[in-house]
Structures are given as structure tokens and as C-alpha cells.
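Tertiary structure, described
Next come the chains, spelled out residue by residue.
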Amino acid sequence: MNCVYLSKHPSGATKAMQNAQPTASHFINGAYVEDTDGAPIECIYPATGKVIATLHEATPAIVDQALSAAKAGQKIWAAMTGTERGRILRRAADIIRDRNRELSVLETLDTGKPLQETLVADATSGADALEYFGGLAGSITGEHIQLGQDWVYTIREPLGVCVGIGAWNYPTQIACWKGAPALACGNSMVFKPSETTPLCALKIAEILHEAGLPAGVYNVVQGRGAVGASLVIDPRVSKVSLTGSVPTGRKVYAAAAERMKHVTMELGGKSPLIIFEDADIDNAVSGAILGNFYSSGQVCSNGTRVFVQKDIKKAFLKRLKERLEGAVMGDPLDEATNFGPMVSADQMNIVLGYINKGTEEGATLVAGGKMADLDGFFVEPTVFADVTDGMTIAREEIFGPVMAVFDFETEEEVMARANDTEFGLAAGVFTNDLTRAHRVVAGFEAGTCYINTYNLAPVEAPFGGSKASGVGRENSKEAINHYSEVKTVYVAMTPVESQF
Ligand SMILES: NC(=O)C1=CN([C@@H]2O[C@H](COP(=O)(O)OP(=O)(O)OC[C@H]3O[C@@H](n4cnc5c(N)ncnc54)[C@H](O)[C@@H]3O)[C@@H](O)[C@H]2O)C=CC1
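Residues numbered from 1 in each chain as written. Predicted model: local features only at pLDDT ≥ 70, side-chain atom pairs only at ≥ 80, totals over all residues.

Short version of the rule: UniProt positions are given in the numbering used here, feature names are shortened, and annotations may be inferred rather than shown by experiment.
The name given to the chain in an unreviewed UniProt entry is Betaine-aldehyde dehydrogenase, with the source organism recorded as Litoreibacter janthinus. The UniProt entry for the chain carries the following comment under Sequence similarities (unreviewed entry): "Belongs to the aldehyde dehydrogenase family."

**A few points about the overall build of the chain**
Put simply, the test is: Where helices and strands are cited, they refer to DSSP runs of H or I of at least four residues and of E of at least two residues respectively, numbered from the N terminus. With C-alpha atoms as the basis for the radius of gyration, the globule rule is written as 2.2 Å multiplied by the number of residues raised to the power 0.38. Three exposure classes are used, based on other C-beta atoms lying within 10 Å of a residue's own C-beta, which is placed from the backbone: buried for 20 or more, exposed for 12 or fewer, and partly exposed in between.
The helix and strand inventory of the chain stands at 17 helices and 24 strands. Rg of the C-alpha trace for the chain: 24 Å, near the compact-globule value of 23 Å for 500 residues, within the 12% margin. C-alpha extents for the chain along the principal axes are approximately 80 × 60 × 40 Å. Relative to its full complement of 500 residues, the chain shows a buried share of 54%.

**Focus on unusual backbone geometry**
Only a minority of non-glycine residues have a phi that is not negative, and only a minority of peptide bonds are not trans. For Asn 452, which is not glycine, the phi dihedral falls at a positive 55°. On the neighbour-count criterion, Asn 452 (15 C-beta atoms within 10 Å) is partly exposed.

**So, the nonpolar core**
The criterion, for reference: Note on definitions: a nonpolar core is a set of buried residues drawn from Ala, Val, Leu, Ile, Met, Phe, Trp, Tyr and Cys, linked by C-beta atoms within 7 Å. What fixes the domain bounds is an automatic or database domain assignment. Throughout, a pair of residues is in contact if the C-beta atoms placed from their backbones lie within 7 Å.
Grouped together as the largest cluster of nonpolar side chains are 149 residues, with contacts concentrated most on Leu 89, Leu 130, Val 190, Ile 275, Val 306, Ala 404 and Val 405. With eight residues, helix α7 (residues 171-184) is the largest single contributor of residues to this core. Lining this core are residues from two domains, each supplying at least three of them: domain 1 (12-267) and domain 2 (272-451). The residues touching Val 306, leaving out its near neighbours within four places in the chain, are Leu 273, Ile 275, Ala 288, Met 403, Ala 404, Val 405 and Phe 406.

**Considerations on the UniProt feature "domain: Aldehyde dehydrogenase" (unreviewed entry) in the chain**
As annotated in UniProt, the feature "domain: Aldehyde dehydrogenase" (unreviewed entry) corresponds to residues 33-489 in the numbering used here. The span residues 33-489 shows a helical share of 41% and a strand share of 22%, and its end C-alpha atoms are spaced 42 Å apart.

**Side note on the domain arrangement of the chain**
Rules: Any residue outside Ala, Val, Leu, Ile, Met, Phe, Trp, Tyr, Cys, Pro, Asp, Glu, Lys and Arg is labelled polar, Gly included; the first ten of those are nonpolar and the last four are charged.
Taken domain by domain, the chain consists of domain 1 (12-267) and domain 2 (272-451). For domain 1 versus domain 2, the distance between C-alpha centres works out to 31 Å. Taken together, the 21 residues of domain 1 in the interface contact 21 residues of domain 2. In the side of domain 1 that touches domain 2, the residues fall into nine nonpolar, nine polar and three charged.

**Remarks on the site of the ligand**
Defined as follows: Nearness between a residue and a molecule or strand is assessed with a C-beta atom placed from the backbone; a distance within 6 Å qualifies.
What surrounds the ligand is a group of 29 residues, the closest being Gly 225, Gly 228, Gly 244, Thr 248 and Cys 300. At the level of elements, α9 (225-233) and α10 (246-258) are the ones that each hand at least two residues to the shell around the ligand. Of the residues that constitute the shell around the ligand, the class distribution is 10 nonpolar, 13 polar and six charged. Per-domain counts for the shell around the ligand show at least three residues from each of domain 1 (12-267) and domain 2 (272-451).

**Some remarks on helix α15 (residues 411-419)**
Note the following rule: For this quantity, the arc is that covered by the directions from the helix axis to the C-beta atoms.
Along α15, the residues classified as buried are Val 414, Met 415 and Ala 418. Along α15, the residues classed as buried sweep out an arc of 105° about the axis, all on the same side. Along α15, exposed side chains directed more than 90 degrees from the buried face belong to Glu 412 and Glu 413. For α15, the elements touching its buried residues are β13 (272-275), β14 (305-309), β18 (402-408), β20 (426-430) and α16 (434-443).

**Re the packing of α7 against helix α8 (residues 200-210)**
Spelled out, the test is: Note on geometry: axes are C-alpha line fits, over the in-contact stretch for helices, and angles between N-to-C directions span 0 to 180 degrees. Should an angle lie under 35 degrees it is considered roughly parallel, over 145 roughly antiparallel, and from 65 to 115 roughly perpendicular; all remaining angles are considered oblique. Handedness of a crossing follows from how the near helix is turned relative to the far one, being left-handed for an anticlockwise turn of less than a right angle and right-handed for a clockwise one.
In contact at an axis separation of 8 Å, α7 and α8 are set at 45° when each is read in the N-to-C sense. Taken together, the axis directions place α7 and α8 in an arrangement best described as oblique. Read as a crossing pair, α7 and α8 show a hand that is right-handed. Contacts from Pro 171, Thr 172, Ala 175, Cys 176 and Gly 179 of α7 reach α8 at Cys 200, Ala 201 and Ile 204. Partitioning the contact of α7 with α8 into residue classes produces six nonpolar, two polar and no charged.

**A word on the UniProt feature "active site" (unreviewed entry) in the chain**
Per the UniProt record, the feature "active site" (unreviewed entry) sits at Glu 266. Locating Glu 266 in the fold gives a position in strand β12 (residues 262-266). The contact partners of Glu 266, leaving out residues within four places of it in the chain, are Leu 242, Thr 243, Cys 300, Gly 464, Gly 470 and Glu 474.

**Points about the sheet that holds β14**
Test applied: DSSP-based pairing: two strands are paired if at least 2 bridges between them are found.
With mixed pairing, seven strands are arranged side by side in an open sheet as β16-β17-β18-β14-β13-β20-β21. The open sheet has two free edges, formed respectively by β16 (364-367) and β21 (448-451), since each of these has just one partner strand. Averaged over neighbouring strand pairs, the angle between their axes works out to 20° when direction is ignored. As defined by bridge partners, β13 adjoins β20 across three bridges and the pair is classed as parallel. Residue Leu 273 lies in a different strand from β20, and its bridge partner there is Gly 428.

In C-alpha cells, the structure reads:
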């Protein structure tokens with residue numbers, strides 16, 4: 001494939017890589033904490049395959065310390081007014097924006113995503129969440145319901161200690177998308193980042209405390225699945241918010257249900273993107289590129305099943321191939337790079353396995369299809385055409401840069417095929433027919449839909465999935481309902497009328 005390759009060896013990254021080791025593995029009760037008894041977690045820079053930091057998993061003692069701190073901190077935090085809480089969150093947003101470049105470099109080291117991308121999509125998105133929910137914090141209220149002379153008032157109360165568990169694709173954003181609404185409502189949080197990307201959440205905790213957050217309100221503990229599981233079942237925890245795969249979601253949801261805890265589940269997807277023959281082809285190609293190759297395809301809401309109406313298939317594929325030549329692979333810290341490596345060797349091998357399956361099962365390889373000739377875990381942006389609904393690459397989430405293009409003839413046919421999946425995270429349509437656009441969106445079985453664009457996730461809009469892709473919504477005013485509960489108070493103004 002004719003991608004542009006920049007320098008093979010990312011030499012400019014050396015200094016930043018040397019600074020990647022955090023002060024300690026965990027951030028608890030307002031300070032960095034270490035316990036070297038925990039199993040080591042090596043943080044590997046995906047563009048070189050080299051270890052840039054070594055941290056330790058939380059031991060049971062660390063988990064206990066974090067939950068005790070969160071329990072105590074929550075009481076102090078909830079006793080403050082919403083306006084006071086909001087001011088601290090907004091101050092943290094300002095600090096994040098001031099340090100955007102430093103935080104973006106760290107996000108790039110943690111994930112391998114190009115700096116070109118992290119400068120605009122990660123710390124800035126985290127700051128948006130803190131600013132938005134900081135702004136809302138003072139207006140989280142109950143209501144007054146008049147009942148003749150009597151009346152009811154409701155109080156919107158925090159849930160208590162919330163646990164956030166993150167995936168590896170957006171470590172800064174996920175730490176903030178969970179933390180900001182939780183804290184705005186008066187909860188505290190213990191956040192466990194993915195073991196693959198342990199660095200960024202620690203910085204968020206540090207900045208929140210620099211902004212004035214009381215100790216214990218936002219804590220970070222490191223660890224693999226077992227640490228996450230131990231947090232979920234602890235009786236001090238009222239709510240769990242997970243971003244991860246569907247199989248992990250099922251386990252966490254079941255463990256939480258057993259103990260009647262609140263949950264938000266942001267899980268995987270295999271989202272459809274339908275391109276009708278009347279669509280603006282260049283715009284549709286841009287949508288398909290954004291919806292498949294941003295973050296090297298490691299985005300949960302990606303539109304990986306691209307249904308193209310038969311008459312424009314040739315033109316679509318031709319234009320797509322031309323546009324793929326604009327992919328610039330190489331050192332992710334070079335701002336000219338726009339396509340980075342997979343997060344890990346494991347993820348690269350999973351993706352290469354799916355590419356082999358696609359070829360074996362008879363799809364036509366249009367572009368890419370192999371590792372790039374670079375250090376690190378690079379897989380070329382890959383496009384398969386002539387994909388049919390039963391193929392493995394049509395059914396399973398790949399979480400890499402692999403676009404599957406399907407042909408279709410009628411709207412009725414494509415809608416049935418688009419919805420024929422256990423997932424329901426996102427869905428998109430490109431068409432210039434206004435009525436059809438809204439009809440199609442109404443028919444999608446998905447939580448987050450797009451008309452003539454794809455994958456935008458502003459903090460003001462609810463984000464999340466239906467079917468196996470999740471429970472609850474992140475961002476927007478919706479998130480407030482998922483991090484608080486309502487207490488109803490009936491006030492009688494007249495004597496009680498009892499039956500005897
Ligand atoms: N819907 C959404 O908003 C998003 C969903 N994702 C999904 O995340 C997945 C990729 O991320 P991964 O980190 O590989 O997912 P994963 O499911 O392997 O891990 C997610 C997190 O859960 C933890 N975990 C694993 N087992 C656990 C258990 N039994 N109890 C508690 N915690 C446990 C992991 O340590 C990690 O922090 C993809 O399927 C993707 O679609 C990713 C980003 C956004």
C-alpha cells in the first residue's frame with residue numbers, strides 16, 4: 001500500500017520516554033502511594049515496543065486504603081455546595097488545558113496514538129467534561145410536587161463511592177468522563193485504568209488535587225482484571241462504571257447485580273455505516289475513514305460495517321483507495337504522523353488474525369492487510385470489499401484498522417442487515433435525502449447515531465449503547481441521573497387519616 005512512512009525509529013521520543021515513569025503506581029488520599037509487593041505492570045510504548053515505565057498492581061492493602069479514603073473523602077465532598085464543587089472541577093479543566101501538550105505527549109506514550117490526534121482529542125475532551133459537569137454541579141436539584149395541601153419534594157443525592165474501570169484506548173478521556181459527572185454529583189471515585197495504559201489517570205488525579213479537590217475524593221489504583229473485580233464486590237462501593245469489552249461487561253454487570261449496585265456499561269460494538277447512492281461520496285469516504293482509522297481503529301463506536309449501495313460501490317472504493325495514500329505512519333510524537341500503531345503486540349496479533357480470517361473466508365483485500373515495515377506494533381489501514389454478513393470479520397469486534405465493505409440494494413434490506421447484530425453502540429447514514437436519513441436513524445437499533453458524519457462525541461450529547469453494547473449513558477445531563485439517586489420526601493399538612 002502507498003502509505004507514507006516517516007522515520008522508522010522514533011528518536012525524538014527519547015526524552016519524553018525517560019520522563020514517563022510516574023512518582024508511584026497509585027494515587028490515594030491526595031498523594032502518590034507505592035507498594036512494590038504488587039505484581040509489576042510494564043508500560044510499553046507501542047511505537048518502539050520498549051518498556052517506558054514499570055508500575056505495580058494494587059495489593060489488597062492498597063485497594064482497602066483507596067476505598068477507605070474514598071469513603072471518608074466522599075462525606076467531606078458531599079457536604080460542600082454544588083457551586084464549590086463545580087469551581088474545583090472547572091479549575092482542573094483550566095490546568096489540563098494549560099498543560100495540554102505535556103498531557104498529550106503522555107497519552108501518546110501510553111497508547112501510541114499520534115500526537116496530532118492526542119493534542120485535540122484526549123486531554124481537551126477530559127477538560128471539556130470537567131468544565132461541563134463543573135458548570136452543572138450547582139444546578140443538580142430535586143423537584144417540588146404540590147399535592148393539594150400536601151406536597152412532595154425530592155432530593156437528588158450522590159450514590160457514595162463510585163468505581164471507574166477503564167479501557168486502554170482513551171485513558172485520559174475515560175478517567176475524566178467517569179470522574180467529572182461522579183464528582184459533580186458529590187460522589188467520590190476509585191478509578192482503575194487499564195493495565196495496558198496505566199499512566200494518564202495518575203496525572204488527572206494529581207491535577208484534580210492541585211485544583212483543590214479534598215483528599216480521597218478521586219483515587220487511582222493500578223491492576224489487572226482481578227483488582228477491578230475486587231473493587232466491584234466491595235461493600236463500600238455503590239456504583240461501577242466500566243468501559244471495556246462485552247465479555248468483561250457481562251462479568252462486571254453480574255457481580256454488581258448480585259450486590260444490587262448501580263452500573264454504567266460502555267462496551268464494544270460492530271456498528272453499521274450505511275452509504276446511499278445519493279450521498280456526497282467524498283464526505284462519505286471521510287466518514288468511513290474517521291469511523292475506521294482514527295486511533296488506528298481502536299474506537300468502540302467505529303462504523304466497521306460499511307454498507308455501500310451497489311451503484312456507487314466502484315466509485316466509493318476508488319476514492320477510498322486514493323484517500324488511504326494520505327495515511328502517514330511513523331513516530332507518533334512527530335506531528336506529521338496521522339496513523340499510529342496498535343496499543344500492544346497482543347492487540348496487533350488479534351487484528352492480524354482477523355485479517356487472515358477475512359482473506360480465508362473469501363473477502364477481497366482492497367488495501368493494507370499486513371504489518372507496516374516499522375518498529376512497534378503498526379498494522380496498515382486495511383479495507384476488505386465483498387464482505388458478506390456471515391463472515392467472522394462481519395460479526396466480531398476487531399478493534400483495529402480493518403474496514404469491511406458490504407454491497408446492498410434496497411433500504412429495507414440494508415436496515416435488516418445493519419441491525420442483525422448483538423451490538424448496538426452506534427450507527428451512521430450518509431444520504432442527501434432528508435426524509436430517508438431520519439427514517440433510517442429511527443430504525444437503527446443503536447444508542448448513538450449519526451447523519452452525514454461519524455464518531456463525534458461532544459460532552460453535551462449523551463453517549464452509549466443499546467443491546468449488548470451497554471447500559472446507561474455517559475456525558476450530557478443524562479450522566480447526572482446515572483451518578484445520583486432521588487430521595488422522595490412526602491410532607492403532610494393535615495392530620496393522618498388512618499383506617500381505624
Ligand atoms: N463503549 C465505549 O464507550 C467503549 C468501549 N470500549 C471497548 O473496550 C474494549 C477494549 O478495551 P480492553 O481494555 O481490551 O477491554 P477489557 O474488557 O479487556 O478491559 C477493560 C477493563 O476492565 C478490567 N477488567 C477485566 N476483567 C475484569 C473483571 N472481571 N472485573 C473488573 N474489571 C475487569 C481491565 O483490567 C480493564 O481495565 C473493546 O471491546 C471496546 O469496544 C472501548 C472504548 C470505549
